[in-house]
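Given next are the chains, with one letter for each unit.
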Amino acid sequence: MMKLLSKKHWSALLLLGMGCQFTFSAPSFAEGNFSRIPAYEKQAEIRGTVTDESGEELIGASVSIKGTVTGTITDIDGSFSINANPGDVLVFSYIGYISKEVTLGNETTLNVELTADITQLEDVVVVAYGVQKKSDVTGAISSTKSEDFNKGVVVNPGQLLQGKVAGVNVTNTSGEPGAAQDVIIRGIGSLRSGTTPLYVVDGFVLDNTTTGLASNPLNFINPQDIESIDVLKDASAAAIYGARAANGVIVITTKRGKEGKTEMNLSVSTAWSNMANKIDVFSADEFRRQVPAIGGTLYDAGGNTDWQNALTQTGRSNNINFSMSGAASERFSYYASAGVEDLEGILLNSELKRYSGRVNMTQKALNGRFNVDYNLTASRTENFRPDNGGIIVNMLQLNPTIPAYTNGSPTQLVDMLNPVVNNEIYSDVAINNRMLANISPSYEIIKGLTYKLNLGVDFSTTNRDVQRKPYNLLEGYELGYLNSTITRNSNQLVENILTYKFESGKSETTVLVGQSYQKTFVQQQAFGLSGFANNDVDPIYQDQTSTQEQPTTVNSYAIENELQSFFGRVNYGYDGKYLATATLRADGSSKFGENNKYGVFPSFALGWNISREGFMQDSFFDNLKLRASWGQTGNQEIPSKITQLSFTESKGGNDTYPLTPGATTLDGYPYGTIFTRLANPDIQWEVSTQTNIGLDFSFFDFRLSGTVDYFNKISENILLEVVPADPIQPTATYWTNVPDMQIQNQGFEFGLEYNNDPQRPFQFNLGGNATIIDNKVVNSPFAVLTTGAASGAGQTGATINGYINGEPIGAFYMKDFIGIGENGLNAFRDVNGDGQVLENDRTVVGSALPKMLYAFHTNLKYKGFDLGVNFNGASGNKIFNHTTMSLFQKGMLASSFNTTDFATQYPEEDITNANEVSTRYLEDGSFLRLNNATLAYSLRPETIGLGDAVRNIRISLTGQNLFVITNYSGFDPEVNTGSSTGGVQTFGIDRFTYPKARTILLGLNVAF
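Presented here is an overview of the structure given in this document. (Residues numbered from 1 in each chain as written. Predicted model: local features only at pLDDT ≥ 70, side-chain atom pairs only at ≥ 80, totals over all residues. Heavy atoms only, no water.)

Here we come to the overall build of the protein chain. Helices and strands together make up the secondary structure of the protein chain, namely 9 helices and 53 strands. For the protein chain, whose C-alpha radius of gyration is 32 Å, the value lies close to the compact-globule estimate of 30 Å for 1008 residues. Principal-axis analysis of the C-alpha atoms places the extent of the protein chain at approximately 105 × 70 × 60 Å. Looking at the protein chain as a whole, 52% of its 1008 residues are labelled buried. For the protein chain, the share of sequence-separated contacts (at least 6 apart) that also reach a separation of at least 24 residues comes to 70%. For the protein chain, the computed accessible surface area is about 43500 Å², with 54% contributed by carbon and sulfur atoms. (Helix = DSSP H or I, 4+ residues; strand = E, 2+ residues; numbered from the N terminus. Rg over C-alpha atoms; globule rule 2.2 N^0.38 Å. Buried < 20%, exposed > 50% of the residue type's maximum accessible area, 1.4 Å probe, protein only. Contact = heavy atoms within 4.5 Å. Areas by Shrake-Rupley, 256 points an atom, 1.4 Å probe, with all protein chains shown as cover.)

Given below as structure tokens:
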């Protein structure tokens, strides 16, 4: 049997609280302790050793006095010392072993042997509406614990997961602190932007509606409060969430107190961030040579400015977190934390501040039959953003001979604003206050039958003010402006759940039935004002009177949605070998029409623990399990009200009607009411049908373990806003389910983990995962549905990529650039051979979606030192470098704007050549990144005289984004900053992206 922990040379600190956390014991007056205050004058020192059956010392075993919170843990030799009275009951416990109680007599030496508990050796994973032993799981679920999370400056849960789970692609849209993320589980299955997975936090289902922040909506969760993240990938695991599970489900479980373990933890860190990769534009000297060389007109201001340096900074980030946790008795446990984070971005005026607090409590009564879980988190997030797009353009194209400052003041530029000045007069500040609370009382009615009520609320308010002060030194900037937006979100959840567990012989059955009601409400008001006094006072603090020339604009909306659901699940197991799961959920959503108000989502799964069969007893498999599942999930992430009729009052165009016979002026043709949307009660859910076959295995006393999964996911009933074929229609577009159209995702997932002999003094583990995905659009009636279009002068609207029948989502559809012709202009391949190059010569030249995702890691431990290294990468995808197309043209260089040597690679190119969308700007997006690496040392407090006050001290040095191996010429290959087209999500476009940072973090963890 494999031991969970090593001998005495195994790093004891790793075992003291999941990564070096300290514990401080104090007298408690919780229930049960009032009548028993220890008589310290009678206590004696009890010494001893805790071992397993083989005599191996157990490091970090818990030794406590029953009924109190007084306790200690064994040291590196398995030894302990505790003061106790005769008659006290000492409780000895250790992960993976059966706890033992010993009543003290007059002895002062006590050696205890603990017996391994095989049932505790099985990991528990969080499933929908409960937990389950990993050996009993029939669906595709991946679990990541807090000790395995990515380290460093981490703002939201998605960053913790990046590269950790097969089949999950986490991409930050930019390098901005707290930037939004694209989280894709097992490929994209929808045309619209509703490809985000469903997030469940401590049993509360979040709503993915925008909160008015420009950054990630999950930034309100403090990552240091998270205990584990479970990803429900296949339909069997996720179908019980029905209409919202088509994109997978991510279940976040926060930390709770543990019985017999009272802790106080302080974590502080400071980090420094710099631009990881600069784009190699011309230096001032190179610029002075290149402009005349191509026949351009050089404007030489005599300076030598690196604008990428001038407009960036070394961002400093500080983080302080304090937490307390424990259990005053077996009836009550708690976890409380407070955190402050201040993250500076690498662009000037870029900052994210978060203040967070959390309280999780569990109370039991009636001999454990009545249980109440309570979770409360509150946060305030302050997001300060610069004029991102404008800064990136300026730092790359501004003439490097222009000095940023002249005589100590920003240099006055001709017909454009010095970006240094823009940083002074522009601001974008969003402040979000959010509270998430839920309470879950449960009562065991009879043995095995439990009723649970889950009540929760999620309230959020965001005030965002984007303003620019008046600036009289440049035409067009004299008035200043203020755009204020107020967004309020409300999410209320009520769930009633009955669970019945019973055994009969070798059979184990769990039946779950439930009802859920969720109501969301979003309200937003936006105000636009311009024309402010130039008095160096921010517009937000000034009065402004609406005039005919500078009118105040007001826009507002409110959206209310309801979801009524009924669900059930049956888990059956026979003799621990044969497993079956059946799930059914019916969802009724206010988003859909009267004729299709409810959707039903079934799933089935089977599992076979082959290694528990008699014929496998002498095999080299420690574990071998086969899984198979089929099921359906839905996608309701569509705009609200699209099934309902809508109209508005028109004040433009030809929307007039002659109410006065013989009228010859507009007074006789007043404006009227027009349709903006037609009713469609037949709109249905988007449905994903998924098949999964998986194999879990372990060898060599569980040291080598892994999993292999094949999945096939087909999405149908695709919803799209389309243009009517008949030109005579009351509206320009209408919503419909596209008949027969499918989006198919199929592929393989692999995961492998190896841990060396736990009894060796030098410990290491190696692991990795890989995902191969084949994505394809089938039966599309459209030539191309644009997912990404070009922007900018002479470029706007040109298709870059889209949905094309028989091709992957995000397929790049453009002309094939073959060089510069004799006329000095672009030359493209004549695909159809008709002797001319037109729009019908566009062709599919690659996809924005990677064909393979992979990651690998290693962790090394020796005595007090540990080193963890994590890599992740992708291959088989392309990136359209819109930044290069917009800025790095030969004509721009000729006009004294800076470029890279991309603009001069063709000497014969004419300076009037157009920057047309083509493969000239399409690049390989493959990469390998050293995501993060942490070197840490756990210091034994007694060596510095703090043994009586401190349990553990851990000092760590972490590097993030240390290097990237790629052929991509932009700031970073993990990018997606294109604009969505008609609500259809964009992929693989790099347009003026906020650069990624390289970060070094110094951290200190102290546990008392």
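Once the structure has been displayed, the description carries forward.
Looking at the element boundaries, Asn877 is found in the loop between β47 (865–875) and β48 (878–881). When neighbours within four sequence positions are excluded, Asn877 is seen to be in contact with Ser847, Ala848, Leu849, Pro850, Glu923, Asp924, Gly925 and Ser926.

Right, let's talk about the sheet that holds strand β49 (residues 922–924) for a bit. Spatially, β49-β48-β52 is the arrangement adopted by the 3 strands of the open sheet, whose pairing is mixed. Two strands close off the open sheet at either side, each with one partner strand: β49 and β52 (989–990). Of the strand pairs in this sheet, β48 and β49 are connected by 3 bridges, and their pairing is antiparallel. Residue pairing for β49: Ile879 is matched across the bridge by Glu923. (Pairing = 2+ DSSP bridges.)

Before going further, it helps to examine the sheet that holds strand β7 (residues 109–113). Taken in spatial order, the 3 strands line up as β4-β1-β7 in an open sheet, and their pairing is mixed. For this open sheet the edge positions go to β4 (79–84) and β7, each flanked by a neighbour on one side alone. Recorded for the sheet is a direction-independent mean angle of 30° between the axes of neighbouring strands. Pairing analysis gives 6 bridges linking strand β1 (residues 44–51) to β4, with the strands arranged antiparallel. (Axes fitted to C-alpha atoms, helices over the stretch in contact; angles between N-to-C directions.)

According to the stated counting rule, one finds 25 aromatic pairs in the structure shown. Centroid distance Phe620 to Phe699: 5.6 Å. Interplanar angle 20°. Geometry classified as stacked. A residue pair is termed long-range when its members are at least 10 positions apart, and Phe620 in the loop between β30 (598–609) and β31 (621–635) and Phe699 in strand β34 (residues 686–699) qualify at 79 residues. Here Phe620 falls in the exposed class, since its relative accessible area comes to 60%. Assessed through its relative accessible area of 15%, Phe699 is described here as buried. Ring geometry for Phe880 against Tyr921: centres 6.2 Å apart, planes inclined by 70°, an arrangement best described as edge-to-face. Taken as a pair, Phe880 in strand β48 and Tyr921 in the loop between α9 (890–894) and β49 lie far apart in primary sequence, 41 residues in all. Of the two residues, Phe880 and Tyr921, both sit in the buried class. An aromatic cluster is present here, built from Phe620, Phe621, Phe697, Phe699 and Phe700 joined pairwise through their rings. Directly above the ring of Phe220 sits Arg434, whose terminal nitrogen or CZ lies 3.9 Å from the centroid. (Phe/Tyr/Trp six-rings, centres within 6.5 Å; stacked < 30°, edge-to-face > 60°. Lys NZ or Arg CZ within 6 Å of the ring centre and 35° of its normal.)

By the element assignment, Thr362 lies in strand β20 (residues 351–365). Relative accessible area serves as the criterion here: at 10%, Thr362 is assigned to the buried category. Of note is the side chain of Thr362, whose polar atom sits 3.2 Å from the side chain of Arg256. Ignoring anything within four residues of it in the chain, the contact list for Thr362 reads Arg256, Arg331, Phe332, Ser333, Asn371, Val372 and Asp373. (Polar contact = N/O pair within 3.5 Å; in protein donor to acceptor, adjacent residues only side chain to side chain.)

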